[in-house]
Structure formats: structure tokens, C-alpha cells
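Examination of the molecular architecture
One-letter residues, chain by chain:
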Amino acid sequence: MSEFDFIRALVPTGVWIDGAAVAAQSGGTFTVSDPATGDVLTEVADAGREDALRALDSACRVQSDWAATAPRERAAILRRAWEILLDRTEEIALLMTLEMGKTIAESRGEVAYGGEFLRWFSEEAVRIGGRYTTAPAGTGRILVTQHPVGPVLAITPWNFPLAMGTRKIGPALAAGCTVIVKPAEDTPLTMLALAAIFAEAGLPEGVLSVLPGSDAAAITAPLLADPRLRKVTFTGSTRVGKLLLRQAADNVLRTSMELGGNAPFIVFEDADLDQALEGAMAAKMRNGGEACTSANRLYVHNSVREEFASRFAERLAALRVGPGYRPNVDLGPLINERQRTTVTELVDDAVAAGAVVRTGGKPIEGPGYFFQPTVLDNVPRTARMHREEIFGPVAAIYGFDTEADVVAAANDTEFGLAAYLFTKDLDRALRVSDALESGMVGINRGVISDPAAPFGGVKQSGLGSEGGSEGIHEYLDTKYVALTR
Ligand code: ADP
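Per chain, residues are indexed from 1 in the order of the written sequence. A pLDDT threshold of at least 70 governs which residues receive local features in this predicted model, and a stricter bar of 80 or more applies before side-chain atom pairs are shown or counted, although totals over entire chains, interfaces and linings include all residues. Excluding hydrogens and water, the side-chain values take into account all heavy atoms of the structure.

1. Quick word on the pattern of salt bridges
A carboxyl oxygen of Asp or Glu within 4 Å of a side-chain nitrogen of Lys or Arg is what we treat as a salt bridge. Evaluation of the coordinates by the stated rule reveals 29 salt bridges. Taking the shortest distance from any N to any O, the salt bridge between Arg-108 and Glu-90 comes out at 2.8 Å. Taken together, the residues span a long stretch of sequence, with Arg-108 in helix H5 (residues 104-124) and Glu-90 in helix H4 (residues 89-100) at a distance of 18 residues. Taking relative accessible area as the criterion, Arg-108 reaches 36% and is therefore assigned partly exposed. Taking relative accessible area as the criterion, Glu-90 reaches 43% and is therefore assigned partly exposed. One salt bridge connects Glu-466 with Lys-168, and the closest N-O pair in it is separated by 2.7 Å. One end of the pair, Glu-466, is in the loop between strand E19 (462-463) and strand E20 (476-484); the other, Lys-168, is in helix H6 (residues 163-175), with 298 residues separating them in the sequence. Connected through shared salt-bridge partners, Glu-269, Asp-270, Glu-403, Asp-427, Arg-428 and Arg-431 make up one network. Per the convention used, a helix needs a DSSP run of H or I reaching at least four residues, while a strand needs a run of E reaching at least two, with both numbered from the N terminus. The cut-offs for exposure are 20% and 50% of the maximum accessible area for each residue type, with area from a 1.4 Å probe on protein chains only; residues under the lower value are buried, those over the upper are exposed, and the others partly exposed.

Set out below in C-alpha cells:
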């Protein structure tokens, strides 16, 4: 694949420790493939226990120096990394599309969005606050300061290979923490390229390590068991999040968890349908539907459902499917065969239960892991996809008649990450957004992620917030000093 030779120039395909790519201690490698063709892109070092412990040794060696580095200097490094990343938008976007499959336009968008966490937290690094106040009894003073938590393990998923890393690395570095990243096995290349960018930006050796590997637990379990690690931050499935929380309990680690979602997308009878359709395109089709904020259940009022379903089906049927790096492509492949099988099973189950296929409904013959953009109407609420994440280009439309019914249905899930609602009635918008058990709500819009806002879920969707002024506190411990004077 000579046209992709640039990967060799851009990506250090080793284990990234102490500012350089090295072979895995075992000498092993694993392959990273293009989901649009199934072709191998490159081999990458396959890190294991020994590499993980070496990375932690490095992190611990420099942790106190990094914590003592002036916030202004930490900010300057983050800012430089952001500038270099943006300068390389085209190369990084192509890399991301190659390993993950999304279109180049979406990958460019992710470079901008993911990069923004570096800029945002460079600005937060110099605003870590504290407090000095008189104790109520008047006999003393209360001094409150914030301190970096210590070495952090960040475990990231494949759906946003850059942004899911930067929104952990940005605040961790800004706070003065060292970070060890375990990127997803499907998409380790973007994170390795980012590590090289940080080195270029002047990040001291050892502060950031990247451990690509085919056996996640072989890397993470020894780190979680080591008392020197102080925090784990994870984005991925609720199943793995629970495993990590159990392991984190032994050393009482700080934890941040961004887990699964099952986002309701509610279109009331008074909604502006053009706006709701635009919102649905974004909330359902962004990232090919492979996002934890993706609209998993579209509840459309029965009086407008037919019009919404037919117009949405028309929009989806017009999407051009193909490799994300080819021109004029709107929708790339799914990440792998396993994911395509899951999507196929969920669609077959819904159709068997009585859902009406308005467009699509089937996987597309290989090579690559493509699935037709799909609209299912009148899906019964008993279908598996009503309670499980679809993670693909499949829109499931459910009818409803009353506000009380749709709010109850929307909340009838163990998840609570994102929710969307469309109405022109401000009173209803605020009432329903209060009633939704969800960490984030979009009103009359289908995209809510913003580095300046706290991203996070409630219930089994997770713990903690990423982004906003809240994000850095996930990486800071509070110390109270009692003074007498
Ligand atoms: P998905 O289902 O979207 O692939 P996962 O939760 O399986 O999400 O994966 C998210 C991240 O968690 C990836 O980096 C993956 O390698 C890692 N991971 C998967 N299983 C484990 C595990 N048992 N322990 C630690 N990390 C894991």
C-alpha cells in the first residue's frame, strides 16, 4: 500500500516510553488494519506487563518534577502540541480515517475537536484555584489547595482515536499528572502520532507513555495492581468499566468513567421538522453512528412520525458509502467484523419483532465492514435495540403520544449519557430536560460535545466529567490545611 507509506514517517510504531518508540519487551507485534478493505496498514509493538511496568517506573521518576513545573510552562507545552497537531491536520486526519474508517471530513473535524482539549486545558493549567478563609468559630483559618493526583492510566476506545485521548491527556498534563495511555487495539496509530507531537512540543521524557497492545488486560491489570498508580480514567463499554472499577477498588484509585449510552432523541409534535431532521442527521450519523452520544432511540410524536420517517429515510438513502479517504463519500465502514455482526443481529431482531425497514437494513458485501444506512420505523419497545447500544448507521424510530409516556420510556434504561429533544415550547423544553435522567441534554440540536462543557453521564453511563472547568478537577486532589493565628 505505497500510497499509505506516510504512516511510517508520521507514526512511531513502537511502545512509547521515555520520549522514544522501542520494541516491546516480548519482541512481539500486532497488526493494524484498514476497516474499509481489511488490508494490513502496519505492524505495531505489542506491549505487555513488562512494558507497562517500565512506563510506570518512568512516570513515577518524573512525577514530582512535572508537578513542580510551572503551570505556565505546562500550559505552553500543551499549546505547542495543539499548534503542531493543527499544522498536521491533513496527515493526522488521513491516519485516523485509515485506522478507524470515518470520512476524511469527520477526521478533520476530530482533529479540530480533539485538539481543542489541548488548547482549552492549556488555558486551565494556569487557573487551578484554592481558597483561604476564616473558620466560622473565628479561631483559625482554612487553607485549601489543589494538587496533582499522581500517575494516571488512561484507557481509550477506537471510535475517536484522537479526542478520547486528548480529553484525558489535556487535563492530566495541565494538572501536573504523568499519564500512561493504553489506546484501543484497533486504532493505536493516532495516539502514537500524538505522543511524537508532544515530544516535539517539548514535553519532558517519561511524562507521557503510550502502550499499544493486543491484550488490554495484560497491560492494565499490573498497573492497576501497583500502588504507585493513583488514577484510572476510562472511555469504553460499561462492561469493561465495571471490571476496571472492581480492580481500582483494591488500591482505592481515583476513577473517571465514560461508559455506554442509550440516547433518546425526542421529536415533539410542535418541533421544527427541518431542524429535527438536521439534528437527527448529526446525532445519529456523526461518526457513522459509532459514538456513545449517538441517538439510539428516536421517539417521534405519532402525528409527525410518518413525515419524519420518510424524509429521514430519503436523507439516509442518499448517503454515499465507501472508504472514508475516497472523495465524495459520506459514510465509511464499521470498525470491524464483530461490530458489523452486532449491528446486523440488532436489526434482524427488530425486524423480526415487527419494525418496518424504510431504507437499508443489510450489511454490504466486502471487502471492508460496511453496513447500509438504515431507517427502521415503528420499532417495538421490546426490541433489543431499545435497551442496547447499536453503534452503527441504524436509526430506530419509535412512536409516542404523550409527554409523560415518552419521558418514562426515555428514562427506562440503565444508561444516562446524552439526550436530545426538539420542541418550540420553551417551557416544555426545560421541563423535559429536567425530567430526563441524563448527564447531557441537547435542545433543538444534535451535537452537544464541546471541550468547554462538562461531558459525562449519570447512572451506568459513568462517573465524572471531561472538559469544561470541571474536567481538570478529575486530576486534582484537594488538600485542607488548618491554620491558627
Ligand atoms: P468497545 O466495546 O467499544 O470496543 P471496550 O470497552 O471493549 O469498548 O474497549 C475500550 C478500551 O478498553 C480499549 O482500549 C480496550 O482495549 C480496553 N479494554 C478492553 N477490555 C479490557 C480489560 N479487560 N481490561 C482493561 N482494558 C480493556
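Read on for the rest.
2. A word on the environment of Leu-85
As for its placement among the helices and strands, Leu-85 is situated in helix H3 (residues 71-87). Taking C-alpha positions, Leu-85 is 9.1 Å from Phe-198, a pair spaced 113 residues apart along the chain. Residue contacts are counted whenever heavy atoms from the two residues lie within 4.5 Å of one another. Apart from the residues lying within four places of it in its own chain, the contact partners of Leu-85 are Ile-92, Val-111, Gly-115, Leu-118, Leu-162, Leu-194 and Ile-197.

3. Some words on the environment of Gln-372
Considering the arrangement of structural elements, one finds Gln-372 in the loop between strand E14 (356-359) and strand E15 (374-377). Relative accessible area serves as the criterion here: at 27%, Gln-372 is assigned to the partly exposed category. Along the backbone, Gln-372 and Asn-336 are 36 residues apart, and their C-alpha atoms lie at a distance of 15 Å. Beyond its immediate sequence surroundings of up to four residues, Gln-372 is in contact with Gly-360, Gly-361, Lys-362, Ile-364 and Pro-393. Polar contacts involving the side chain of Gln-372 include one to the main-chain amide nitrogen of Gly-361, which spans 3.4 Å. Whenever a nitrogen or oxygen atom comes within 3.5 Å of another N or O atom, the pair is scored as a polar contact, on the condition that within protein one atom can donate a hydrogen and the other can accept it, and that pairs from neighbouring residues in sequence are kept only if both atoms are in side chains.

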